[in-house]
Amino acid sequence: MEIDEVRTLIEAGIPGCEVRVEGEGCNFSVVVIGEAFEGLSPVKRQQRVLAAVSEPLSTGALHAISMKVYTPAEWSRQAGSA
């Protein structure tokens, strides 16, 4: 898979989010920022992202994905502390 393909899948599955992707082949790391995560537990947030990439995960086109998931407010705080 390509970075753009992973980004497109997540953006389609979670409309209105910002997606940053790194990696190559079938292993990727993503940062997803969106209002859609407001009020969700960390596990529920990850489940939303995994649902967006479930098809390539099931076929093996995507082997591993690590993720960090934030609301816009959390991302602002995170970026401010970096």
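In the block above lies the structure referred to throughout.
Below, the structure is looked at part by part. (Residues numbered from 1 in each chain as written. Predicted model: local features only at pLDDT ≥ 70, side-chain atom pairs only at ≥ 80, totals over all residues. Heavy atoms only, no water.)

### So, the environment of Asp-4
Thinking step 1. By the secondary structure assignment, Asp-4 is in helix H1 (residues 3-13).
Thinking step 2. For Asp-4, a relative accessible area of 52% translates into the label exposed.
Thinking step 3. Taking C-alpha positions, Asp-4 is 28 Å from Gly-39, a pair spaced 35 residues apart along the chain.
Thinking step 4. Within polar-contact distance, the side chain of Asp-4 engages the side chain of Arg-7 at 2.7 Å. (Helix = DSSP H or I, 4+ residues; strand = E, 2+ residues; numbered from the N terminus. Buried < 20%, exposed > 50% of the residue type's maximum accessible area, 1.4 Å probe, protein only. Polar contact = N/O pair within 3.5 Å; in protein donor to acceptor, adjacent residues only side chain to side chain.)

### Quick word on the packing of aromatic side chains
Thinking step 1. Evaluated as defined, the whole model comprises one aromatic pair.
Thinking step 2. A centroid spacing of 5.3 Å and a plane angle of 55 degrees characterise the contact between Tyr-70 and Trp-75, whose relative ring orientation is tilted.
Thinking step 3. Accessibility expressed as a relative area gives 14% for Tyr-70, which makes it buried. (Phe/Tyr/Trp six-rings, centres within 6.5 Å; stacked < 30°, edge-to-face > 60°.)

### Comments concerning the pattern of salt bridges
Thinking step 1. Throughout the structure, instances matching the rule amount to three salt bridges.
Thinking step 2. Its salt-bridge partner being Arg-20, residue Glu-18 comes within 2.7 Å of it at the nearest N-O pair. (Salt bridge = Lys/Arg side-chain N within 4 Å of Asp/Glu carboxyl O.)

### Description of helix H2 (residues 42-52)
Thinking step 1. Arg-45, Val-49 and Ala-52 are the residues of H2 that are buried. For H2, the angular spread of the buried residues around the axis is 55 degrees, confining them to a single face. H2 presents Val-43 and Ala-51 as exposed residues on the side facing more than 90 degrees away from its buried surface. (Arc of directions from axis to C-beta.)

It is worth stressing that arrangement in space is one thing and function is another; only the former is reported here.
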